[in-house]
Amino acid sequence: MDFLKAELARKKALLEEREKKLANGKSYVKRSEIDKYETERYYERCTKRKKMSSDDGKKEDLEEDETDQKEVKPLLEEAEVIKRLRERGEPIRLFGETPSETYQRLRSMEMQEPTGSKSQTDFKSAMEKIDQEYLKAMMMELHGDKVERKELKTLSTIEEMKEICKGISDPDAETDKLFGSVRQFYRWLFDVYEQTGERKYRENEGDLAVKLERAKIKQAETYIRPLFRTLKKKTLDETLLRSFGEIAGALLERNYIGANDVYLRTAIGNAAWPIGVTMVGIHARTGREKLFAHNVAHVLNDEYQRKYLQAIKRLITFAQRHFPTDPSKCVEFNA
């Protein structure tokens with residue numbers, strides 16, 4: 001009720017104010033004068049609103065400037081920021097630059113050039129390195145200098161490795177012992193892979209197919225290095241460790257189908273896809289806990305994992321060619 005009284009009083013005051021301004025002692029007021037007065041009032045109100053909105057806009061701009069001036073907390077670790085900048089061929093730190101500003105610089109680069117035009121593929125880099133080595137060797141031969149080549153060492157046979165890595169695929173094997181066995185086996189297999197490629201390269205240096213194969217070996221060496229490092233430090237995930245042990249055991253037995261199956265299970269996984277309704281009512285669906293446990297794909301977890309899993313696949317393919325067995329145990333025999 002008080003609100004209505006206040007509103008009536010306000011309206012009455014407006015009318016009295018209008019009559020005082022328009023009448024000026026006259027006993028009547030023209031309709032045109034009333035319209036003109038209302039129009040002026042309307043323009044006054046619009047001007048006030050514009051002024052208020054412009055003031056609010058200035059305040060918002062000031063607030064945005066203040067937020068821009070505040071340091072943005074980097075979402076990546078400093079080591080990762082440095083790595084990405086080096087891949088792009090950019091300086092890792094400018095003079096007087098804070099870690100937050102370095103991260104912002106990287107972020108703006110990635111927004112402008114997501115693929116990083118300056119970065120090259122690993123395979124292309126390996127090919128360029130081999131070409132440089134080949135040209136260097138040719139120049140040394142032309143000048144009569146002796147070309148220094150890597151000495152090929154004598155490696156153990158596959159039968160000797162069976163004895164050394166006995167029990168590598170045993171599911172109950174001790175974890176500490178397994179770290180050493182897995183590292184020793186893959187180190188040996190990669191050395192065999194590398195020396196075989198080196199011998200072929202020395203016999204046919206100008207052959208393009210041999211050069212491509214050597215580039216793949218160089219690329220695999222880069223890819224598998226983080227695996228050897230994690231095995232040495234004993235920081236590799238136990239699930240992956242035992243999977244690599246199973247692959248090694250199958251390769252030692254020359255069961256390449258078994259090794260390939262374990263590789264696919266490790267890389268891609270065999271977890272059931274949760275298609276449809278998984279939670280009905282208050283009770284969980286039967287076997288729902290088995291959807292992800294121990295069946296998770298590892299190939300997409302991390303870039304380093306993807307790379308050394310790719311290197312292990314190359315070692316499996318090489319082992320099948322280098323240590324032949326029955327066609328029934330081979331994947332795509334003679335393909």
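S.K.: If you had to explain the nonpolar core to someone new, which residues and values would you point to?
M.R.: Core analysis: the largest hydrophobic core is formed by 46 residues, its most contacted members being F185, Y186, L189, L236, F244, I247 and L251. Mapped onto this core, the elements with two or more residues apiece are α6 (158-164), α7 (175-203), α8 (208-233), α9 (238-252), α10 (256-267) and α11 (303-322). Of the residues forming this core, the biggest block, ten residues, is contributed by α7. If sequence neighbours within four positions are ignored, F185 has contacts with M161, C165, I168, A248, L251 and L252.

S.K.: So what about the packing of α8 against α11? Which residues, and what values?
M.R.: Where α8 contacts α11, the axes come no closer than 8 Å and their chain directions differ by 130°. By the criterion of interaxial angle, the relationship of α8 to α11 is oblique. Two packed elements cross with a definite hand, and for α8 against α11 that hand is left-handed. Across the interface between the two elements, E213, K216, Q219, A220, Y223, I224, P226 and L227 from α8 touch Y304, K307, Y308, Q310, A311, I312, R314, L315 and R321 from α11.

S.K.: I'd like to hear about a nonpolar patch on the surface, residue by residue, with values.
M.R.: On the surface, M1, F3 and L4 cluster together to form a nonpolar patch covering roughly 410 Å² of accessible area. Tracing the sequence through the fold places L4 in helix α1 (residues 2-23).

S.K.: Provide a residue-level description of unusual backbone geometry, including the pertinent values.
M.R.: Although it is not a glycine, K234 sits at a positive phi angle of roughly 60°. Note on placement: K234 falls in the loop between α8 and α9. In this model, R254 sits at a positive phi of 60°, which is unusual for a non-glycine residue. Inspection of the secondary structure assignment puts R254 in the loop between α9 and α10. With relative accessibility at 22%, the residue R254 sits in the partly exposed group.

S.K.: Now, about empty space enclosed by the protein: what can you tell me, with residues and values included?
M.R.: Applying the stated rule across the entire model yields one cavity of 30 Å³ or more. What the largest cavity holds in volume is close to 30 Å³. Lining the largest cavity we find I158, F185, W188, L189, L251, L252, A319 and F323. Among the elements of the structure, α7 and α9 are those that each provide at least two residues to the lining of the largest cavity. By residue number, the principal contributor to the lining of the largest cavity is α7, which donates three residues. Taken together, the residues of the lining of the largest cavity break down into eight nonpolar, no polar and no charged.

S.K.: So what's going on with the pattern of salt bridges? Which residues, and what values?
M.R.: Following the criterion strictly, the structure yields eleven salt bridges and no others. When the shortest N-O distance is used, the salt bridge between E213 and R321 registers 3.9 Å. Placement of E213 in helix α8 and of R321 in helix α11 is noted, with a sequence separation of 108 residues between them. By relative accessible area, which is 24% here, E213 ends up partly exposed. We note a salt bridge from E238 to R242, for which the minimum N-O separation is 3.2 Å. Here the residue E238 and the residue R242 both occupy positions in helix α9, the gap between them amounting to four residues, near one helical turn. Residue classification places R242 among the partly exposed residues on the basis of a relative accessible area of 21%.

Rules of the game
- Residues numbered from 1 in each chain as written.
- Predicted model: local features only at pLDDT ≥ 70, side-chain atom pairs only at ≥ 80, totals over all residues.
- Heavy atoms only, no water.
- Core = buried A, V, L, I, M, F, W, Y, C linked by side-chain atoms within 4.5 Å.
- Buried < 20%, exposed > 50% of the residue type's maximum accessible area, 1.4 Å probe, protein only.
- Helix = DSSP H or I, 4+ residues; strand = E, 2+ residues; numbered from the N terminus.
- Contact = heavy atoms within 4.5 Å.
- Axes fitted to C-alpha atoms, helices over the stretch in contact; angles between N-to-C directions.
- Parallel < 35°, antiparallel > 145°, perpendicular 65-115°, else oblique.
- Left-handed = near helix turned anticlockwise from the far one by under 90°.
- Patch = residues over 30% accessible without salt bridge, like charges linked within 9 Å, V, L, I, M, F, W, Y side chains within 5 Å.
- Areas by Shrake-Rupley, 256 points an atom, 1.4 Å probe, with all protein chains shown as cover.
- Salt bridge = Lys/Arg side-chain N within 4 Å of Asp/Glu carboxyl O.
- 1 Å grid on protein atoms, 1.4 Å probe; cavity = no way out; pocket = protein on both sides within 12 Å on 5 of 7 lines; lining within 4 Å.
- Points joined across faces, edges and corners; volume = space filled by probe spheres on them.
- Nonpolar A, V, L, I, M, F, W, Y, C, P; charged D, E, K, R; others polar.

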